[in-house]
Amino acid sequence: MQVKCVLCDLVENIDDYSLEAKRLRNRKTHMYLCQSCNKRIKEKTLDRHSTGKFRLYEEKKKEDELI
């Protein structure tokens with residue numbers, strides 16, 4: 001299966017029967033990232049986490065949903 005990185009437009013081949021290929025076929029919202037882009041994003045995210053100023057904001061749940 002040919003896939004294209006959404007960031008750098010690099011075209012690569014992955015195994016048709018791999019888990020990643022199945023996810024890309026069945027879930028249209030999944031995006032493919034090449035190894036270099038994935039590594040770069042991972043390093044930058046970990047750097048932001050290490051600063052201590054990084055926060056994840058989750059949706060506030062209504063009281064009705066908690067019951």
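Residues numbered from 1 in each chain as written. Predicted model: local features only at pLDDT ≥ 70, side-chain atom pairs only at ≥ 80, totals over all residues. Heavy atoms only, no water.

**Q** Explain the overall build of the protein chain to me, and be specific about the residues and the numbers.
**A** Regarding its fold elements, the protein chain presents three helices and two strands. Mapped in sequence order, the helices and strands of the protein chain form the string β-β-α-α-α. The C-alpha atoms of the protein chain give a radius of gyration of 17 Å, which is well past the 11 Å a tight globule of 67 residues would have. Taken along the three principal axes of its C-alpha coordinates, the protein chain extends 45 × 35 × 15 Å. Put simply, the protein chain has 67 residues, and 12% of those count as buried. Across the protein chain, every contact between residues at least 6 apart in sequence was considered, and the portion connecting residues at least 24 apart equals 36%. Summed over all atoms, the accessible surface of the protein chain reaches about 6700 Å², with 49% contributed by carbon and sulfur. (Helix = DSSP H or I, 4+ residues; strand = E, 2+ residues; numbered from the N terminus. Rg over C-alpha atoms; globule rule 2.2 N^0.38 Å. Buried < 20%, exposed > 50% of the residue type's maximum accessible area, 1.4 Å probe, protein only. Contact = heavy atoms within 4.5 Å. Areas by Shrake-Rupley, 256 points an atom, 1.4 Å probe, with all protein chains shown as cover.)

**Q** Please give an account of the nonpolar core that cites residues and values.
**A** The biggest cluster of nonpolar side chains holds eight residues, and these are Val 3, Cys 5, Ile 14, Ala 21, Leu 24, Tyr 32, Cys 34 and Cys 37. Residues within four places of Cys 37 in sequence aside, it is in contact with Cys 5, Leu 7 and Cys 8. (Core = buried A, V, L, I, M, F, W, Y, C linked by side-chain atoms within 4.5 Å.)

**Q** Now, about a positive patch on the surface: what can you tell me, with residues and values included?
**A** Taken together, Lys 22, Arg 23, Arg 25 and Arg 27 make up a surface patch of like positive charges. Following the sequence through the fold, Arg 23 ends up in helix α1 (residues 19-26). By relative accessible area, Arg 23 is classed as partly exposed at 39%. (Patch = residues over 30% accessible without salt bridge, like charges linked within 9 Å, V, L, I, M, F, W, Y side chains within 5 Å. Salt bridge = Lys/Arg side-chain N within 4 Å of Asp/Glu carboxyl O. Lys, Arg positive; Asp, Glu negative; His and termini not counted. Charge placed at Lys NZ, Arg CZ, Asp CG, Glu CD.)

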